[in-house]
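# Coordinate inspection notes
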Amino acid sequence: MTEKTPNPSNRQDPPLDPADDTDEPAFDWMRPAAAGTGIAGTGTAGAGTAATGPIPAGKSPSDAAPEAGKDQPAASAGTAPAPRAGATAPRAGATAPRAGATAPRAGAPAPQAGSRADRKAAEAAVEPAAEPQGRGTHFREPLPTSALQVRPPQDEVERRNAERELANNTKPVLPRVMQVLLAVFYPLILLVLAVRAVTSPLFLWVEYNRPGFPGDGYGFSTDDRMTYGSYAVDYLSNWSGPRYLGELVNRSGDALFQEGEVSHMADVKLVILSAFAGGALLILLSIIAIIYLRRRSTGGVRRGLFAGSIVTLVIILGLGTLAALGWQQFFTEFHRIFFANGTWTFALDDTLIRLFPGQFWVDAGIVIGALVLIASVVTLILTWPTRKRRGLADDKTAGTNDDKTADTNEGKTAAKNADVPA
């Protein structure tokens, strides 16, 4: 049986009385309409009409229903049935449906005014605009950067800009401290390294073999001086005790160094080893300062070494001037600083004086000063604050760049003027 097949004459209409389930809003369209109105939701004519046309005179609505079913096709689901007994008659002048008109197709939903589907559709149409924070909607949290679009007050902006500019212009304290320490440590390190170069067998050999070095008037040859002097120099840098020198004997079998000489050499060894240990510590601290300045301060190493080289030049020139004006006084005051009085004076025939005469100490002072002076001058030249090292452009380069910028601006202005019509 298709949609166009008429209903059988003996089929009974299904019970569509909504009285059994009045709580279900889906059956509101089946309830009788008020007087003078059509059946709600049927889509048929207005008041005074029915789905099957006018009821013939002399017949009740229940008698007219079977006859109407003979001429009309089967009503599909969702169409309006015949009105119940006791329903109001159609108004006068109402016309019946045209001949051949068919009922709606089976399964075609008809609009149901006031039904649950209509209410859902109305709510769905209203929800996108209102977006209440209730069931079926999502809470939308504002973006985390939405506060960036709100500009703070002008005084707050000025205060923040002033603090930012002050922070940019203010240099950290620790890099400055590291630069000062590097400048202070540098001359001391150079001095210790120069002393270490002098207290070596190489310098001893050069001194004994250079022309003009005074000979020994008590019988030591150059080979004897080199042999006995090497023991004394080695003792200053090793960890041996006073026996290292105290048990040495000369060719005749007598003790080479007297007890006073061994005691003074022990004092000298203590000063030398302390100086070497302090120099090693200063070198380690300087390396740490250099590593820190290379990471945290652009040009900090250069500035520290430049200041240190200036300090070194001032110190070495001052000490050299004092030594040149009075070497004997300078030598005496130097020994008084590090040694007790009476422990560093010896006779001319003592071994220390024969191995290390006065000219030896003059030459040692000159070599120490020359090494420190050369190192400081080289450092000063290498760290001189030129425009390139300070990150500034050269005058010629700056002028050329300015000319290029001016030419470019003129070219752009000419191009703009050419584009503008006269």
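Residues numbered from 1 in each chain as written. Predicted model: local features only at pLDDT ≥ 70, side-chain atom pairs only at ≥ 80, totals over all residues. Heavy atoms only, no water.

### As for the nonpolar core
Our working rule: Nonpolar cores were defined as sets of buried Ala, Val, Leu, Ile, Met, Phe, Trp, Tyr and Cys residues, with membership established by side-chain atoms within 4.5 Å. Burial classes: relative accessible area under 20% of the type maximum marks a residue as buried, over 50% as exposed, and values in between as partly exposed (1.4 Å probe, protein chains only). By definition, any uninterrupted DSSP run of H or I lasting at least four residues is a helix, any uninterrupted run of E lasting at least two residues is a strand, and each is numbered from the N terminus.
Formed by 42 residues in total, the largest nonpolar core has its most connected members in Leu-204, Tyr-208, Leu-245, Phe-257, Met-265, Leu-355 and Phe-356. The set of elements that each furnish at least two residues to this core consists of helix 4 (173-198), helix 5 (201-209), helix 6 (222-237), helix 8 (259-296), helix 9 (300-325), helix 11 (351-355) and helix 12 (358-382). When residues of this core are assigned to their parent elements, the largest contribution, eight residues, is made by helix 8.

### Some points on the pattern of salt bridges
Spelled out, the test is: Here, a salt bridge means any side-chain nitrogen of Lys or Arg that lies within 4 Å of a carboxyl oxygen of Asp or Glu.
Going through the model one piece at a time under the given rule, you end up with nine salt bridges. In this structure, Glu-333 and Arg-336 form a salt bridge, with 3.4 Å as the shortest nitrogen-oxygen distance. Of the two residues, Glu-333 and Arg-336 both sit in helix 10 (residues 327-338), three residues apart, roughly one turn of that helix. What makes Arg-336 partly exposed here is its relative accessible area of 48%. Several salt bridges share partner residues, and in doing so they unite Glu-156, Arg-159, Arg-160 and Glu-163 into one network.

### Looking at the side chain of His-264
Here is the rule we go by: Any two residues having at least one pair of non-hydrogen atoms within 4.5 Å are treated as being in contact.
Relative to the helices and strands, His-264 is located in helix 8. Sequence-distant contacts of His-264, defined by excluding residues within four places in its chain, comprise Phe-339, Thr-343, Trp-344, Phe-346 and Leu-352.

### Comments concerning the packing of helix 5 against helix 6
When two helices pack together, their arrangement is captured by the angle between the axes and the distance separating the axes. Using the following cut-off: Lines are fitted to the C-alpha atoms to define the axes, a helix being fitted only along its stretch in contact, and any angle between axes, read from their N-to-C directions, falls within 0 to 180 degrees. Here the word oblique covers every angle except those under 35 degrees (roughly parallel), over 145 (roughly antiparallel) and from 65 to 115 (roughly perpendicular). Working rule for handedness: look at the near helix, and if it is turned counterclockwise from the far one by less than a right angle, call the crossing left-handed; if clockwise, right-handed. Note that Gly is not counted as nonpolar here; it falls among the polar residues with everything else outside the nonpolar set of Ala, Val, Leu, Ile, Met, Phe, Trp, Tyr, Cys and Pro and the charged set of Asp, Glu, Lys and Arg.
Taken N-terminus to C-terminus, the directions of helix 5 and helix 6 make an angle of 155°; their axes are 10 Å apart at the nearest point. Of the possible angle classes, the one that applies to helix 5 and helix 6 is roughly antiparallel. Judged by the twist between their axes, the crossing of helix 5 over helix 6 is right-handed. Counting all contacts with helix 5, which are made through Pro-201, Leu-204, Trp-205, Tyr-208 and Asn-209, the residues of helix 6 involved are Thr-222, Arg-225, Met-226, Gly-229, Ser-230, Val-233 and Asp-234. A class-by-class count of the residues in the contact of helix 5 with helix 6 yields six nonpolar, four polar and two charged.

### Some thoughts on the side chain of Ser-309
Residue placement: Ser-309 occurs in helix 9. Residue class for Ser-309 comes out buried when judged on its relative accessible area of 0%. When residues no more than four places from it in sequence are discounted, the contact partners of Ser-309 are Tyr-186, Ser-376, Thr-379 and Leu-380.

### Quick notes on the confidence of the model for the chain
What counts, and what does not: Note: pLDDT gives the predictor's confidence per residue, expressed from 0 to 100.
Per-residue pLDDT for the chain averages 74, and the proportion of residues at 70 or more is 58%. Confidence drops under a pLDDT of 50 for residues 92-97, and excluding neighbours within four residues, the segment shows six contacts in the predicted structure. In this model, residues 414-422 is a region of pLDDT below 50 whose contacts with residues beyond four sequence positions or in other chains number zero contacts.

### Let's talk about helix 4
For clarity, the threshold we go by: The span you would expect from a helix comes to 1.5 Å times its residue count less one. Here the bend at a residue is taken as the angle between two axes, fitted respectively to the seven residues that end there and the seven that start there.
The end-to-end C-alpha distance of helix 4 is 39 Å, a good match for the 38 Å that 26 residues give at a rise of 1.5 Å each. The largest bend in helix 4 amounts to roughly 25° and is located at Phe-185, with the proline Pro-187 lying one to four residues further along.

### Examining the environment of Ser-200
Of note, Ser-200 is situated in the loop between helix 4 and helix 5. Separated by 36 residues in sequence, Ser-200 and Leu-236 place their C-alpha atoms 9.6 Å apart.

### Regarding helix 12
End to end, helix 12 covers 37 Å across 25 residues, agreeing with the expected 36 Å (1.5 Å per residue, within 8%). Within helix 12, burial applies to Phe-360, Asp-363, Ala-364, Ile-368, Gly-369, Val-372, Ser-376, Thr-379 and Leu-380. Those residues of helix 12 hidden inside the fold are in contact with helix 4, helix 5 and helix 9.

### Topic: a nonpolar patch on the surface
Our working rule: Two joining distances apply to patches: 9 Å for like charges and 5 Å for nonpolar side chains (Val, Leu, Ile, Met, Phe, Trp, Tyr), and every residue must have over 30% relative accessible area and no salt bridge. Values of accessible area rely on a 1.4 Å probe in the Shrake-Rupley scheme; residue burial ignores everything except the protein chains shown.
A cluster of nonpolar side chains, Val-173, Leu-174, Val-177 and Leu-181, forms an exposed patch at the surface whose accessible area comes to about 330 Å². Here Val-177 lies in helix 4.

### As for the environment of His-335
Counting through the fold element by element, His-335 comes out in helix 10. Along the chain, His-335 and Thr-345 lie ten residues apart, while their C-alpha atoms are 9.8 Å from each other.

### Here we look at the packing of aromatic side chains
Note the cut-off: Paired rings are identified among Phe, Tyr and Trp, the last through its six-membered ring, by centres lying within 6.5 Å, and are further divided according to the angle between planes into stacked (under 30 degrees), edge-to-face (over 60) and tilted (the rest). Our definition puts a charge over a ring when NZ of Lys or CZ of Arg is within 6 Å of the ring centre and also within 35 degrees of the ring normal.
Per the stated rule, a full pass over the model turns up 13 aromatic pairs. Every member of this aromatic cluster is reached through a ring pair, and the members are Phe-203, Trp-327, Phe-330, Phe-331, Phe-356, Phe-360 and Trp-361. It is Lys-269 that lies over the ring of Tyr-235; its NZ or CZ is 4.2 Å from the centre. Here the basic side chain of Arg-354 rests over the ring of Phe-220, its NZ or CZ set 3.6 Å away from the ring centre.

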